[in-house]
Amino acid sequence: MIALFTSVLAITLRAGTSLIYATVGEIYTERSGILNLGLEGVMLMGAVLSFATAYYTGSAWLGVLVALLVGALLAAIHAFLTVTMRANQVVSGLSITLFGSGLASFLGQRLGPESNGYYLVGKVGPRFTPYVVPFLSDIPVVGALFKQDILTYLLYILIPLAWFYLYKTRNGLNLRAVGENPQTADAMGIDVIRVRYLYTILGGMLVSLGGAHLSLAYTPGWSENITGGRGWIVIALVIFAMWNPARAVLGAILFGGINAVQFRLQAAGTNIPSAFLNMLPYLATIGILIVMTWWETLSKRIGAPAALGTAYMREEK
Amino acid sequence: MTEEKRPILELRGITKRFPGVVANAGVDLALYPGEVLALLGENGAGKSTLMNILIGLYRQDEGEIYLRGEPVEIRSPRDSDALGIGMVHQNFMLVPTMTVAENVILGLQDLSFVPKMDEVVARINEISERYNLQVDPYASIWQLSVGEQQRVEILKLIYRGAEVLILDEPTAVLTPQESEELARVLQVMTSEGKSAIFITHKMDEVLSFSNWVQVLQHGKSIAVKKTAETNAQELARLMVGREVLFRLDKAPATPGDVLLEMRDVHALDDKGLPALRGISLQIRGGEILGIAGVAGNGQRQLSEAVTGLRTVTAGEVLINGQPMTNRSPLEIIQAGVSHIPADRVGVGAVGDMAVSDNLAMKGYRNAPMSRKGILYPPRILEFAKKMIASFQIATPTPKTHIKFLSGGNIQKAILAREIDACAGVLVAVYPSRGLDVGATEAVRKRLLKQRAQGSAVLLISEDLEELLTISDKVAVLFDGEVMGVLPSEEAQIATLGLMMAGSRLSQIV
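Residues numbered from 1 in each chain as written. Chains lettered and ligands numbered in written order. Predicted model: local features only at pLDDT ≥ 70, side-chain atom pairs only at ≥ 80, totals over all residues. Heavy atoms only, no water.

### Remarks on the overall build of chain B
For chain B, the helix and strand inventory stands at 18 helices and 22 strands. Expected size for 509 residues packed as a compact globule is a radius of gyration near 23 Å; at 24 Å, chain B falls within 12% of this value. Reported as C-alpha extents along the three principal axes, the dimensions of chain B are approximately 70 × 55 × 50 Å. The buried share of chain B, reckoned over its 509 residues, is 55%. Look at the contacts in chain B between residues 6 or more apart in sequence, and 67% of them connect residues 24 or more apart. Put simply, chain B has 53 plus and 61 minus side-chain charges, and the middle of one group is 7 Å from the middle of the other. (Helix = DSSP H or I, 4+ residues; strand = E, 2+ residues; numbered from the N terminus. Rg over C-alpha atoms; globule rule 2.2 N^0.38 Å. Buried < 20%, exposed > 50% of the residue type's maximum accessible area, 1.4 Å probe, protein only. Contact = heavy atoms within 4.5 Å. Lys, Arg positive; Asp, Glu negative; His and termini not counted. Charge placed at Lys NZ, Arg CZ, Asp CG, Glu CD.)

Laid out in structure tokens, this is it:
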């Protein structure tokens, strides 16, 4: 029983990794007051380009690098539109998603080798395989933490770091102020525009890395809609995490867990229709949103940065 | 003596234009070390704009700023911060979710990457001790009262080494006691050589706080006077450009039927705690009932319960004799109730809509402004022009977004809309708060006119003088209960003060 639990936990972590990267990334972006609904597009672009790079260069790490660049570029477009041009953040984000998903799908059919009709689908490239840490991985339950790939291991450093940076450092303080009250931040000498660009781009890089983890480690290779709507789930996870990077882990594990259990059930051949099982993570998303909203109303605690979604312009009365 | 000193801060020929308005036209200003300069002027005279230029939120189109005799460029608040110029804004520049200490160090340039909060807190405590600015460094801003938040603002500026402090109407949000404390804080600061620019409308403050007075009118500096050599009448005349009536002519009351009645009304506040606990009041037509009380004793909830914006948990509200408890705001409007809310730009007007649309916001449902649900823009414009003329609303065009108007003119627009639509009951909440002498006078005259026309006016105010001069009766609220109602000519400030502190009228008499 414990062995089964340990193995489910291990799969959960693997399934949750891409979600955690993307959630932490979006939390940082939203903390600056910018809502980026382009995650789904950014994740897909990160997934397809990191895989293509790894496939041709033979290096998964180069794939990661390209994913970071693509994420930064797409997020920079969003930042330009919403921070400089003060466009509607929802519209800009949605267009990034539409653009990113379409382009990723297109690239998946053009970047492949000639022998495969230029399709990337079905090709096998370098990947990050789980590295089992001796001894530590034999511990019941906790051992699940030590049978992971390198990108998951990196999370063990990233999450505490992301939390510490946001709550304990000068830069984190300034970032939170910009998302809560840009007028005040500006009056206190913080460069609101710079901060918003910086963390929108940083967030985009982490989101794209989440996409890369899918095509380089979790389900290696490229397939259409490889994210399966994870970009949308992340938006709910940010709310669930109440914009706290440490709490992002809880949400990601919850969803990763639902995924893992659903896979297990499908593999075991239950009578429940697979379409229903596939639906579970999205159903849970709706459920979580309802519960969180209800809980926030009840406890009078609003976790969202107060200025989320609003443009900032100084010379306005 | 002061003539021999060199000014610490000097402005020369500052000009700033906004679309359609010249906010400042060649303003000169001099501030001497260890002194307080009061900046006086009507709403829209350009005081706030001038100060925003000084701290780098706006950039002047023309003119120079000199600090200690040296010309300085102030491009952003970061520059003014570094030069030792700090401002306490009217709407505080604080992040509500953060602690006092976090707000104090926000955006500081020489802060270490991981701030040592215990050292920050120690310095905060040291400053609060020295300047008598008591505040808990670990408290979150949203937990603090307005007066405490202002203390945090001042403390923050001192912490950051400000030598020149700008206070934009600091006492508008304070109780009389808190204002006195602020005066003492200012004294300690000036005795240490710091200087301050003090923006206010209140004459007694100008006279007691400042060394110099400078008067702005329509963006121009029209007078600089030594405080000791001037008086309230002269300053008011300079400010408005004409003699101001400090006393209003009030005809004797001619009470008619009871138009608004509350019977044992109970309601909760936003946190779900009891805010109104059995309020029973009556207002007759042709009568103004003033509500006095320290802010936060149920005034807001009272006005909301009457206007349908807050659920009444027990008791009854009758309008014109009809039970209207917990009806929708629209039904209550249709029953003849007008509302001048405390929050002008949040509740009273839509900042991003034209003045004309804001004015039409009540009458648009009916002919002539609309027919069968279709709006007639020419009629709306016509109506707006009529209102702008008769209420003397200063706006570049009727199509200007209302947020670009000064506070006084926004209030005049709201007043115009509400009074035009008023059919019996007028609920006015802090109608003259933050307004200059001229606008205040206009507001009070309008309220008296409504009274003469037979309306029942519920006036909530924190200005006792206002309550006593224009209302017929004064009721005092304390902790959600009415401590007593008395005719205003019999009311004495001392009695009202006791009632505001929680004594019932029956216990005093």
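### Describing the interface of chain A and chain B
Of the residues lining the interface, 25 residues belong to chain A; the matching set on chain B comes to 34 residues. Scanning the region where chain A abuts chain B turns up 1 salt bridge. Linking Glu-102 of chain B and Arg-176 of chain A is a salt bridge whose minimum nitrogen-to-oxygen distance equals 3.1 Å. With 7 residues, helix α6 (residues 170-180) of chain A is the largest single contributor of residues to the side of chain A that touches chain B. Across the side of chain A that touches chain B, the residue classes break down as 7 nonpolar, 7 polar and 11 charged. (Salt bridge = Lys/Arg side-chain N within 4 Å of Asp/Glu carboxyl O. Nonpolar A, V, L, I, M, F, W, Y, C, P; charged D, E, K, R; others polar.)

### Looking at unusual backbone geometry
One non-glycine residue, Val-141 of chain A, lies in positive phi territory at about 60°. Relative to the helices and strands, Val-141 of chain A is located in the loop between β1 (131-132) and β2 (147-148). The residue Tyr-430 of chain B is not glycine, and still its phi comes out positive at about 40°. Using a relative accessible area of 12% as the deciding quantity, one classes Tyr-430 of chain B as buried.

### Overview of the pattern of salt bridges
Residues and elements named next belong to chain B. Evaluated as defined, the whole model comprises 25 salt bridges over all chains. Linking Glu-153 and Lys-156 is a salt bridge whose minimum nitrogen-to-oxygen distance equals 3.0 Å. Pair noted here: Glu-153 and Lys-156 are both in helix α5 (residues 146-159), with a separation of 3 residues, about one helical turn. In terms of burial, Glu-153 and Lys-156 fall into one category: buried. The closest approach of N and O atoms between Glu-304 and Arg-310, which form a salt bridge, is 2.7 Å. There is no split in this pair, since Glu-304 and Arg-310 are both buried. In the salt-bridge network here, residues are joined through shared partners; they are Arg-17, Asp-61 and Glu-62.

### Let's talk about helix α2 (residues 39-57) of chain A
All names here are of chain A. The end-to-end C-alpha distance of α2, which contains 19 residues, comes to 26 Å, matching closely the 27 Å that a straight helix rising 1.5 Å per residue would cover. Counting buried residues in α2 gives 16 out of 19 residues, a clear majority hidden from the surface. Two residues or fewer after α2 comes Gly-58, characterised by a positive phi angle close to 80°. (Expected span 1.5 Å × (residues − 1).)

### Notes on the sheet that holds strand β22 (residues 481-487) of chain B
All names here are of chain B. Pairing is mixed in the open sheet, where 6 strands are placed in the order β16-β19-β20-β13-β21-β22. Two strands lie at the open edges of the sheet, namely β16 (337-340) and β22, each paired on one side alone. Taking the axes of each pair of neighbouring strands and ignoring which way they run, one obtains an average angle of 15° across the sheet. Judged from the 4 bridges that link them, β16 and strand β19 (residues 425-429) form a sheet pairing that is parallel. Considered in β19, the bridge of Ser-338 is made with Leu-426. (Pairing = 2+ DSSP bridges. Axes fitted to C-alpha atoms, helices over the stretch in contact; angles between N-to-C directions.)

### Considering the nonpolar core
Judged by nonpolar contacts, the single largest core of 113 residues is most densely connected at Trp-222 of chain A together with Leu-106, Ile-154, Tyr-159 and Met-189 of chain B. Contact partners of Ile-154 of chain B, with chain neighbours within four places excluded, come to Val-88, Leu-133, Leu-165, Leu-167, Leu-182, Val-185 and Met-189 of chain B. Among the nonpolar cores identified, the runner-up in size contains 45 residues, and Leu-405, Leu-447, Ile-470 and Leu-505 of chain B belong to it. (Core = buried A, V, L, I, M, F, W, Y, C linked by side-chain atoms within 4.5 Å.)

### Let's talk about the pairing of β19 of chain B
Residue and element names in this part refer to chain B. Where burial is concerned, most of β19 is hidden: 5 out of the 5 residues are buried. Alternating residues of β19 divide into Val-425, Val-427 and Val-429 and Leu-426 and Ala-428, and every residue in both groups is buried. Pairing of β19 with strand β20 (residues 456-460) involves 5 bridges; the strand directions are parallel. Within the sheet, the bridge partner assigned to Val-427 lies in β20 and is Leu-458. The handedness of the β19 to β20 crossover, carried by helix α15 (residues 437-452), is right-handed. (Right-handed = clockwise from strand over helix to strand, strands pointing away.)

### Things to note about a nonpolar patch on the surface
The grouping of Trp-61, Leu-136, Ile-139, Val-142, Leu-145, Ile-150, Leu-154, Tyr-156, Ile-157 and Leu-161 of chain A at the surface amounts to a nonpolar patch, some 860 Å² of accessible area in total. Within the secondary structure, Ile-157 of chain A sits in helix α5 (residues 150-168). (Patch = residues over 30% accessible without salt bridge, like charges linked within 9 Å, V, L, I, M, F, W, Y side chains within 5 Å. Areas by Shrake-Rupley, 256 points an atom, 1.4 Å probe, with all protein chains shown as cover.)

### Some words on the environment of Pro-252 of chain B
You can see Pro-252 of chain B is positioned in the loop between α8 (232-240) and β11 (258-268). The spacing of Pro-252 of chain B and Glu-287 of chain B is 35 residues in sequence and 9.8 Å in space, taken between C-alpha atoms.

### A few points about the environment of Val-48 of chain A
Counting through the fold element by element, Val-48 of chain A comes out in helix α2. Taking the C-alpha atoms as reference, Val-48 of chain A lies 9.8 Å from Phe-106 of chain A; in sequence the two are 58 residues apart.

### Examining the domain arrangement of chain B
Residues and elements named next belong to chain B. Here the domain parsing of chain B yields domain 1 (9-240), domain 2 (248-336 + 422-509) and domain 3 (349-421). If you average the C-alpha positions of domain 2 and of domain 3, the two centres end up 26 Å apart. Taken together, the contacts link 12 residues of domain 2 with 12 residues of domain 3. Of the roughly 1,000 Å² buried between domain 2 and domain 3 on both sides combined, carbon and sulfur atoms contribute 68%. When residues of domain 2 are sorted by the area they lose upon contact with domain 3, Ile-333, Cys-422 and Arg-446 head the list and together hold 44% of the total. (Domains from an automatic or database assignment. Buried area = accessible area lost by both parts, 1.4 Å probe.)

### So, the packing of helix α1 (residues 2-31) of chain A against helix α8 (residues 192-218) of chain A
All names here are of chain A. Across the interface, α1 lies against α8 with an axial gap of 7 Å and an inter-helix angle of 170°. Comparing their axes, α8 and α1 come out roughly antiparallel. Taken together, the residues of α8 that come into contact with α1 (itself represented by Arg-14, Ala-15, Thr-17, Ser-18, Tyr-21, Ala-22, Val-24, Gly-25, Glu-26, Tyr-28 and Thr-29) are Tyr-199, Thr-200, Leu-202, Gly-203, Gly-204, Leu-206, Val-207, Leu-209, Gly-210, His-213, Leu-214 and Tyr-218. (Parallel < 35°, antiparallel > 145°, perpendicular 65-115°, else oblique.)

### With respect to the packing of helix α14 (residues 407-421) of chain B against α15 of chain B
All names here are of chain B. Packing of α14 against α15 leaves a shortest axis separation of 10 Å and a crossing angle of 10°. By the angle class used here, α14 and α15 are roughly parallel. Every residue of α15 that contacts α14 at Gly-408, Gln-411, Leu-415 and Ile-419 is listed here: Ala-439, Val-443, Arg-446 and Gln-450. Its residues assigned to classes, the contact of α14 with α15 shows 4 nonpolar, 3 polar and 1 charged.

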